[in-house]
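# Coordinate analysis (summary)
Next come the chains, spelled out residue by residue.
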Amino acid sequence: VGRTFTLNSGASIPTVGLGIFLSRPGSECFNSVLSGLRLGYRHIDTARYYRNEADVGKAVKQSGVPREDIFLTSKLWLSDFGYNNARKAIDQSLKALSTSRVDLMLMHAPGDPDVREETWRALEDAHKEGKLTSIGVSNFGIGHLEKLLKTARVKPAVNQIELTPFLQRRKLVDYCKGQGITLEAYSPLGKGSSEILDDGTVTKVAGKHGVSNAQVLIRWSLQHGFIPLPKSSKPERQKSNLDVFGFELDSADMQQLDSLDRNLVTAWDPTTDPV
Ligand code: A2P
């Protein structure tokens, strides 16, 4: 597994992103992004819903890391849906992030079927104008994707969903892979829940490699071709969560982790929303 993957848009994306959901707007988010960038993260995953895009923008400036070396993702919230709303929201995101283009903009969830298609068209138009390098979706199920692909002129580059060994969504993952849609894994650490992070099998595999349980979960995600987005506001954890390129899970490890699948959703699950 390399440090970047290539999306169907042709853009290159760093394979481990820093999640900042629940990183409180203001100094917590600013500090978390700043330390992440200093520790080597080059991919930050925010959303309009998190209300911390401006903190991301400030931290990027403060870090001194050239903007073009950083991959920024944001997401349109449900209240941004509809063509005109979405166009306005995209411009607001660009402003809050103090940038002239966002690397990846997603629809945060399938939302209202009546306005989904026109929202996607707004993303496509902003993409064509160069404001959004890549566009994609989040929390979409197979039905939502099938329907979108009927009218889409630009295929979603990613589908960002919750994915862990305990929630593998194999049909949805196979469908996305078949369509060339890259999977991004949110809550790859199960939001820090001990049920996931302290699981016996995960602990055993971690012991074998002399790494942390979080590193095993992140590596599992990478070896499935996913882009994990672990969140931490603690620099030591940020550092070790990114330090996952010096070991490899073998096929026995992967098989043991794969056997943990049991539909354990820790977050909201809109993949089953009305198509
Ligand atoms: P904190 O931000 O205090 O470090 P997820 O990415 O699945 O949403 O999980 C995020 C949660 O896991 C946060 O509560 C975070 O806490 C915690 N966390 C992040 N990295 C680690 C780690 N390496 N070990 C233990 N807990 C972690």
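Residues numbered from 1 in each chain as written. Predicted model: local features only at pLDDT ≥ 70, side-chain atom pairs only at ≥ 80, totals over all residues.

## Details of the overall build of the protein
- Scanning the protein from terminus to terminus reveals 11 helices and 10 strands.
- Relative to the compact-globule value of 19 Å for 275 residues, the protein shows a C-alpha radius of gyration of 18 Å, a close match.
- Across its three principal directions, the C-alpha atoms of the protein cover 55 × 40 × 30 Å.
- Taking all contacts inside the protein whose residues are at least 6 apart in sequence as the whole, residues at least 24 apart take part in 74%. (Helix = DSSP H or I, 4+ residues; strand = E, 2+ residues; numbered from the N terminus. Rg over C-alpha atoms; globule rule 2.2 N^0.38 Å. Contact = placed C-beta atoms within 7 Å.)

## Some words on the packing of helix 1 (residues 27–39) against helix 2 (residues 53–63)
- At a minimum axis distance of 8 Å, the contact between helix 1 and helix 2 shows a crossing angle of 40°. As the angle between them shows, helix 1 and helix 2 are arranged oblique. For the pair helix 1 and helix 2, the sense of crossing is right-handed. Judged by residue contacts, Cys-29, Phe-30, Val-33, Leu-34, Leu-37 and Arg-38 of helix 1 engage Asp-55, Val-56, Lys-58, Ala-59, Gln-62 and Ser-63 from helix 2.
- The residue makeup of the contact of helix 1 with helix 2, split by class, is 7 nonpolar, 2 polar and 3 charged. (Axes fitted to C-alpha atoms, helices over the stretch in contact; angles between N-to-C directions. Parallel < 35°, antiparallel > 145°, perpendicular 65-115°, else oblique. Left-handed = near helix turned anticlockwise from the far one by under 90°. Nonpolar A, V, L, I, M, F, W, Y, C, P; charged D, E, K, R; others polar.)

## Some words on the site of the ligand
- Around the ligand, the structure places 18 residues, and the nearest of them are Ser-187, Leu-189, Gly-192, Ala-214 and Ser-232.
- With 3 residues, the top contributor of residues to the shell around the ligand is helix 10 (residues 235–242).
- Looking at side-chain class alone, the shell around the ligand contains 5 nonpolar, 9 polar and 4 charged residues. (Near = placed C-beta within 6 Å.)

## Some thoughts on the sheet that holds strand 4 (residues 43–45)
- Overall, parallel pairing links the 8 strands, which are arranged 3-4-5-6-7-8-9-10 in an open sheet. The sheet is open, and its two edges are formed by strand 3 (18–19) and strand 10 (227–228), each paired on a single side. (Pairing = 2+ DSSP bridges.)

## Some details on the confidence of the model for the protein
- Of all residues in the protein, 100% attain a pLDDT of 70 or more, and the chain-wide mean is 97.
- Among the scores for the predicted complex, ipTM is 0.99 and pTM is 0.98. (pLDDT = per-residue confidence, 0-100.)

## Structural notes on the pairing of strand 7 (residues 132–138)
- The buried fraction of strand 7 amounts to 6 of the 7 residues, a majority that puts the element mostly inside the structure.
- As judged from the 5 bridges shared by strand 6 (residues 102–107) and strand 7, these two strands associate in the parallel manner. Residue pairing in the sheet places Met-107 in a bridge with Val-137 of strand 7.
- On the question of chirality, the crossover connecting strand 6 to the parallel strand 7 by way of helix 4 (residues 113–128) is right-handed.
- Relative to strand 8 (residues 158–162), strand 7 is paired through 2 bridges, and the arrangement is parallel. Across the sheet, residue Ser-138 finds its bridge partner in strand 8, namely Gln-160.
- With respect to chirality, the unit in which strand 7 leads through helix 5 (residues 142–151) into the neighbouring parallel strand 8 is right-handed. (Buried ≥ 20, exposed ≤ 12 C-beta atoms within 10 Å, placed from the backbone. Right-handed = clockwise from strand over helix to strand, strands pointing away.)

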